[in-house]
Amino acid sequence: MFTGIIKELGRVEAVDASEDGARLRIAAELASELTEGDSVAVNGACLTATSVADGAFEADVMHQTLSLTTLGELEGSSSVNLELPLRPTDRLGGHVVQGHVDGTATVTDLSADGFAKRLRIELPDELLPYVVERGSIAIEGVSLTISDLTDSGLEVSLIPETLERTTLGGLKAGDRLNVECDVLARYVRRQLSGDAGLSPLTTDKE
């Protein structure tokens with residue numbers, strides 16, 4: 001479990017792609033806090049560190065993850081947003097983020113708004129029911145508040161701290177982004193749709 005508060009910008013040192021999947025090697029100071037088998041969020045996708053050495057860690061990315069995220073588009077020297085899992089004693093500064101990317105969105109506009117910037121993205125139709133104005137969303141692993149809804153997506157505001165400490169400061173129109181909708185919205189919609197295997201507001205115990 002994560003919070004969407006990015007700890008560090010890592011740098012991709014190598015991408016080893018094959019017909020079996022891809023292996024990423026990422027240099028980062030937080031590698032010193034990892035051991036083999038630990039989880040780490042890379043651009044919002046939860047991965048498992050398979051090896052840690054010399055100030056870097058490696059992680060395998062399977063086909064399913066490659067198909068749902070933008071990790072397959074990473075190249076050597078790419079910057080990535082990194083976050084370690086939440087500890088029980090940590091502050092929940094963002095919102096509950098699982099590291100389970102729901103799909104990708106496309107940047108349609110990035111405009112100045114005083115010291116901040118307004119980011120507009122277009123979402124796949126299947127994700128639109130899971131976003132609400134003033135609700136939470138994770139974009140590239142960054143916890144953000146939805147400031148406005150559009151017919152095809154949403155808008156968020158990015159403060160200077162976010163622009164400087166994450167990859168979102170370098171976005172341009174046409175870029176694809178990993179998106180994770182609020183987990184609470186997913187559960188609520190599934191219950192209300194009546195396809196959860198149970199009737200709404202009931203349990204499997206009689």
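Look up a bit, the structure's there.
Residues numbered from 1 in each chain as written. Predicted model: local features only at pLDDT ≥ 70, side-chain atom pairs only at ≥ 80, totals over all residues. Heavy atoms only, no water.

Draft legend 1. Focus on the sheet that holds strand β1 (residues 8–18). Taken together, six strands build a closed barrel; the order of strands is β1-β2-β5-β4-β3-β6 and the barrel is antiparallel. On average, each strand axis in the sheet is inclined to that of its neighbour by 45 degrees, with strand direction left out of account. As judged from the four bridges shared by strand β3 (residues 39–42) and strand β4 (residues 45–53), these two strands associate in the antiparallel manner. Bridged to valine 40 within β4 is leucine 47. (Pairing = 2+ DSSP bridges. Helix = DSSP H or I, 4+ residues; strand = E, 2+ residues; numbered from the N terminus. Axes fitted to C-alpha atoms, helices over the stretch in contact; angles between N-to-C directions.)

Draft legend 2. Molecular detail of the packing of aromatic side chains. In total, this model carries zero aromatic pairs according to the counting rule given. For arginine 189, the ring lying beneath its charged end belongs to tyrosine 130, and the centroid distance is 5.7 Å. (Phe/Tyr/Trp six-rings, centres within 6.5 Å; stacked < 30°, edge-to-face > 60°. Lys NZ or Arg CZ within 6 Å of the ring centre and 35° of its normal.)

Draft legend 3. Fine view of the state of the cysteines. In the structure shown here, the tally under the stated rule is zero disulfides. A disulfide-free cysteine, cysteine 46 has its sulfur positioned 17 Å from the sulfur of cysteine 181, the nearest such atom. Since its relative accessible area comes to 2%, cysteine 181 is described here as buried. (Disulfide = S-S within 2.5 Å. Buried < 20%, exposed > 50% of the residue type's maximum accessible area, 1.4 Å probe, protein only.)

Draft legend 4. Spotlight on the layout of surface pockets. When its volume is computed, the largest pocket comes out at roughly 350 Å³. Around the largest pocket, the lining comprises 14 residues; the ones closest to its centre are Asn43, Leu74, Glu140, Asp175 and Arg176. Classifying every residue of the lining of the largest pocket by side-chain character gives three nonpolar, six polar and five charged. (1 Å grid on protein atoms, 1.4 Å probe; cavity = no way out; pocket = protein on both sides within 12 Å on 5 of 7 lines; lining within 4 Å. Points joined across faces, edges and corners; volume = space filled by probe spheres on them. Nonpolar A, V, L, I, M, F, W, Y, C, P; charged D, E, K, R; others polar.)

Draft legend 5. Spatial organisation of the environment of phenylalanine 57. As for its position among the elements, phenylalanine 57 is in strand β5 (residues 56–61). Looking at phenylalanine 57, the relative accessible area reads 0%, which means it is buried. Here the alpha-carbon distance between phenylalanine 57 and leucine 192, two residues 135 residues apart in the chain, equals 42 Å. The contact partners of phenylalanine 57, leaving out residues within four places of it in the chain, are Leu24, Arg25, Ile26, Leu30, Ala31, Leu34, Val40, Val42, Ser51, Val52 and Leu82. (Contact = heavy atoms within 4.5 Å.)

Draft legend 6. The arrangement of the nonpolar core in detail. Counting residues in hydrophobic clusters, the biggest one holds 22 residues, and the most contacted among them are Ile121 and Ile137. When contributions to this core are tallied by element, the ones reaching two or more residues are β7 (103–113), β8 (116–122), β9 (136–139), β10 (142–149), β11 (153–158) and β12 (176–181). Within the second largest apolar cluster, 20 residues are counted, among which are Ala28, Leu30, Val80 and Leu84. (Core = buried A, V, L, I, M, F, W, Y, C linked by side-chain atoms within 4.5 Å.)

Draft legend 7. Local environment of the pattern of salt bridges. Taken as a whole and judged by the stated rule, the model has 15 salt bridges. Across the pair arginine 11 and glutamate 13 runs a salt bridge, and its minimum N-O distance is 3.6 Å. With a shortest N-O distance of 3.2 Å, aspartate 175 and lysine 172 are connected by a salt bridge. Salt bridges linked by common partners bring Arg11, Glu13, Arg23, Arg25, Glu58 and Asp60 together as one network. (Salt bridge = Lys/Arg side-chain N within 4 Å of Asp/Glu carboxyl O.)

Draft legend 8. Summary view of the side chain of glutamate 58. Mapping glutamate 58 onto the fold places it in strand β5. We classify glutamate 58 as buried; its relative accessible area is 18%. Ignoring any residue separated from it by four or fewer positions in sequence, one finds glutamate 58 in contact with Arg23, Leu24, Arg25, Thr48, Ala49, Thr50 and Ser51.

Draft legend 9. Looking closely at the sheet that holds β11. Here six strands make up a closed barrel; going around it, the order is β7-β8-β11-β10-β9-β12 and the pairing antiparallel. The mean angle between the axes of side-by-side strands here comes to 45 degrees, regardless of whether they run parallel or antiparallel. Of the pairings in the sheet, the one linking β7 to β12 comprises four bridges and is antiparallel in character. Bridge pairing in β12 places threonine 104 opposite asparagine 178.

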